[in-house]
Every structure is written in structure tokens, then in C-alpha cells.
Amino acid sequence: MNLSHLRKKISAALSRRTKLEKELLNCRLRMIKGSLIKRYIVCQKPGCRCARGEKHGPFFYMNIISDGKTIQKYVGKNESLLKKLKEYKNFQDKMREIRKITSSLEKLWSQFQEALTE
Ligand SMILES: [Zn+2]
């Protein structure tokens, strides 16, 4: 890769990372560290549609770590809780992307060094 191409790639990676970091910085909601689980159930009522495969749900639960153990709690239609769980997922996704960019930048910086001629 030539220098100008590397400069463009590095610059794009830096911009993307900064954009993600600013998004994290603008977060207003306190997250809940848990993963959202959707469950569908089959009831026991005779002739119910769920017996034909149209299960009831989704019912929302969350997996959270408590005292080092993963426990599952019912979330139900608690909108505020759902929002905080989605925010956490969003946060995690962005952090993952930031780490990926940072590691790709390390490679790019070393390629950049090698492409310098003097
Ligand atoms: Zn049913």
C-alpha cells in the first residue's frame, strides 16, 4: 500500500473511532449489564394456537451476573428496563468496534512506517 492510500485508511479509521467515542460520551442512560432474552412459550390449554406452532410471546427476560453467577430475571413490559438493556447491547457493540479499529490501526501505523522512505 502506498503512503497516500495508507493516510486515507488511517484517517478514516480515526474518524470512525472518534465518532463512536462521541456517541458513547453522549449516552445519558445508565445501562443495565445484562443480556436481553426473548422467550416463546406453549401453554397447556387444549386447542390453543400455540399447540400448532404459533407460540405465545415474546416474553422478555434478562441474564445478569449476580455474585459471579448468571441468573435470569423477568423483564416483562418494563419499557425503562428494556431501554437500559438495549443501551447496554449498543454500548457493547460500539466498544467491540472501537477495539477492532484500534487493533487495525496498529497494523496500519506499522505499514505506514514501512512505507516511509526516509
Ligand atoms: Zn397457548
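If you're wondering where the values come from, they're calculated on a predicted model, not measured in any experiment. (Residues numbered from 1 in each chain as written. Predicted model: local features only at pLDDT ≥ 70, side-chain atom pairs only at ≥ 80, totals over all residues.)

Draft legend 1. Just the overall build of the protein chain, in detail. Counting its secondary structure elements, the protein chain contains two helices and three strands. The order of α-helices and β-strands along the protein chain, N terminus first, is α-β-β-β-α. When the backbone C-alpha atoms are referred to their principal axes, the protein chain occupies close to 80 × 30 × 25 Å. Sorting the 118 residues of the protein chain into buried and exposed places 4% on the buried side. (Helix = DSSP H or I, 4+ residues; strand = E, 2+ residues; numbered from the N terminus. Buried ≥ 20, exposed ≤ 12 C-beta atoms within 10 Å, placed from the backbone.)

Draft legend 2. How the structure looks around unusual backbone geometry. With an omega dihedral of 10 degrees, the bond running from Gly57 to Pro58 counts as a cis peptide bond. In this fold, Pro58 is placed in strand β2 (residues 56–66). The backbone of Asp67 shows a phi angle near 50 degrees, a positive value even though the residue is not glycine. Mapping Asp67 onto the fold places it in the loop between β2 and β3 (69–74).

Draft legend 3. Representation of helix α1 (residues 3–25) within the structure. Compared with an ideal rise of 1.5 Å per residue, which puts 23 residues at 33 Å, α1 spans 32 Å between its outermost C-alpha atoms and is within 8% of the ideal. Among the 23 residues of α1, zero are classified as buried, and the element is accordingly described as predominantly exposed. (Expected span 1.5 Å × (residues − 1).)

Draft legend 4. Molecular detail of the sheet that holds β3. Reading across the sheet, the three strands line up as β1-β2-β3 and stay open at both edges, with antiparallel pairing between neighbours. Strands with a single pairing partner mark the edges of an open sheet, and in this sheet they are β1 (34–41) and β3. Sheet twist, expressed as the average angle between the axes of neighbouring strands with direction ignored, equals 35 degrees. The sheet contacts of helix α2 (residues 79–115) involve β1 and β2, and relative to β1 the element is tilted by about 120 degrees. (Pairing = 2+ DSSP bridges. Axes fitted to C-alpha atoms, helices over the stretch in contact; angles between N-to-C directions. Contact = placed C-beta atoms within 7 Å.)

Draft legend 5. Structural view of the packing of α1 against α2. Running from amino to carboxyl end, α1 crosses α2 at an angle of 155 degrees, the nearest separation of the two axes being 9 Å. In terms of orientation, α1 lies roughly antiparallel with respect to α2. In this structure, α1 meets α2 at a crossing whose hand is left-handed. For the pair α1 and α2, the contacting residues are Leu3, Leu6, Lys9, Ile10, Ala13, Arg16, Arg17, Leu20, Glu21, Glu23 and Leu24 in the first and Phe91, Lys94, Glu97, Ile98, Ile101, Ser104, Leu105, Leu108, Gln111, Phe112 and Ala115 in the second. Across the contact of α1 with α2, the residue classes tally to 13 nonpolar, two polar and seven charged. (Parallel < 35°, antiparallel > 145°, perpendicular 65-115°, else oblique. Left-handed = near helix turned anticlockwise from the far one by under 90°. Nonpolar A, V, L, I, M, F, W, Y, C, P; charged D, E, K, R; others polar.)

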